[in-house]
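A closer look at the structure
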Amino acid sequence: MRIFPAIDLKNGRCVRLYQGDFAQETVVNPDPIAQATAFSEQGATYLHIVDLDGALEGKPINLDVIRAMKKAAGLPVQVGGGIRTMKQITFYLEDAGIDRVIIGSAALENPDLVRDAVKLYGDKIAVGIDAKNGFVATSGWLDVSATDYLTFAKEVEKSGVQTIIFTDIAKDGTLEGPNLEQLQALQKAVSVDIIASGGVSNKQDLVQLSELGLYGAICGKALYNGNISMAEITEVENLAD
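Here goes a summary of the coordinates provided. Remember, predicted model here, so these are calculated numbers, not experimental data. (Residues numbered from 1 in each chain as written. Predicted model: local features only at pLDDT ≥ 70, side-chain atom pairs only at ≥ 80, totals over all residues. Heavy atoms only, no water.)

1. Brief notes about the pairing of strand 4 (residues 47–51)
Threshold: Buried residues are those whose accessible area, probed at 1.4 Å on protein chains only, stays under 20% of the maximum for their type, while exposed residues exceed 50% and partly exposed ones sit between those limits. Here a helix means four or more residues in a row that DSSP labels H or I, a strand means two or more in a row labelled E, and each is numbered from the N terminus. Pairing between two strands requires that DSSP report at least two bridges joining them.
Taken across its 5 residues, strand 4 has 5 buried, putting it largely inside the fold. Covered by surrounding structure in strand 4 are Leu47, Ile49 and Asp51 together with His48 and Val50, the residues of both alternating faces. Across 4 bridges, the pairing between strand 1 (residues 2–10) and strand 4 is parallel. Residue pairing for strand 4: Ala6 is matched across the bridge by His48.

2. Some thoughts on unusual backbone geometry
Positive phi, close to 55 degrees, is recorded for Asn11, a residue that is not glycine. As for its placement among the helices and strands, Asn11 is situated in the loop between strand 1 and strand 2 (13–18). In this structure, Asn133 is a non-glycine residue whose phi angle is positive, near 55 degrees. Residue position: Asn133 is located in the loop between strand 7 (125–132) and strand 8 (135–138). The exposed category is assigned to Asn133, whose relative accessible area is 70%.

3. Some thoughts on the packing of aromatic side chains
Test applied: Between the rings of Phe, Tyr and Trp (Trp by its six-membered ring), a pair exists once the centres lie within 6.5 Å; its type follows the angle of the planes, with under 30 degrees stacked, over 60 edge-to-face, and the other angles tilted.
Going through the model one piece at a time under the given rule, you end up with 4 aromatic pairs. On the basis of an interplanar angle of 65 degrees and a centroid distance of 5.0 Å, the ring pair of Phe4 and Tyr46 is categorised as edge-to-face. With Phe4 in strand 1 and Tyr46 in the loop between helix 1 (32–41) and strand 4, this pair connects stretches of sequence that are 42 residues apart. The same class applies to Phe4 as to Tyr46, namely buried. Both rings, one in Tyr149 and one in Phe166, keep their centres 5.0 Å apart while their planes meet at 35 degrees; by these two values the pair is tilted. Separated by 17 residues along the polypeptide, Tyr149 in helix 7 (residues 149–158) and Phe166 in strand 10 (residues 163–168) bring together distant segments of the chain.

4. Quick notes on the pattern of salt bridges
Our working definition: Counted as salt bridges are all cases of a side-chain nitrogen of Lys or Arg within 4 Å of a carboxyl oxygen of Asp or Glu.
With the rule as written, the count across this model stands at 8 salt bridges. Across the salt bridge formed by Arg16 and Asp8, the nearest N and O atoms sit 2.9 Å from each other. Each member of the pair, Arg16 together with Asp8, is buried. Across the pair Lys10 and Glu25 runs a salt bridge, and its minimum N-O distance is 3.1 Å. One end of the pair, Lys10, is in strand 1; the other, Glu25, is in strand 3 (residues 21–29), with 15 residues separating them in the sequence. For Glu25, a relative accessible area of 26% puts it in the partly exposed group.

What follows is the structure, given as C-alpha cells:
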C-alpha cells in the first residue's frame, strides 16, 4: 500500500482542518515548500496536495507554490482542489509537471469532464469522493448532495477512472481512525484503486487499511502531531509489499 503525506494549502500556508471545517484551522507550517522538502527527506515516495483556497473558489489558487513544492521535493505529486476545467487539468499535468490530478466537485456536477479527461490522460486522473453521512459533498465540503457515495463510485468507474480517493468527512482531522466499514463497502462495490483519506491516527490504522487491500492511504494530522513517523509509514509500505 502506498501512503501519501498530505499537505493542505490555505492562504499560502500548510494547514489542517477539523472535519473539513474552515473555521477550525490549525497552521502546521507557514512554509509549504519547506514542508514538501521535509517529507521528501524523511522518505516519502509521493505527496498529496490539496488547494483548499481553490476548493472554495472553484478554481486553482495556489498554482505557483504547488509547482515550487513539486520541484523542491523531487517526488511524484497528486493535486486536488478547485480543478473544474480541462484547461486547469492540462496546466497541472503538462505545464506544472504534476503526476495526477484529483477531480472533486466537478466529477459530480460535470461527469463529461471526467470522461474527456480520462480519454486524454488515463490514470493521471483521479476522482475524489468526499462523503458526509454517506452522501457526496461538494464545494469544499460546504454542500451535500443527494447522491450516495457507492452509487457515485460506480458511475465514476464507468467513466474509466482508475483511482478513487475516498474521504469520510466526519473522520477527517479527528484522529479517530478511518471509516473501515465504508471503505470495505467501497472496495467491494468497485474494482478501481481506492485511496483512503481521513481519520488515520497511528500505525495500526494504516496496517488495518493495508489489510483491506486498498491501493493507498493519506496521512495528515497524525504525521504533523507526531502520532506516526515517516519511518513507520515506510514500514507499513514495505509490509504491504
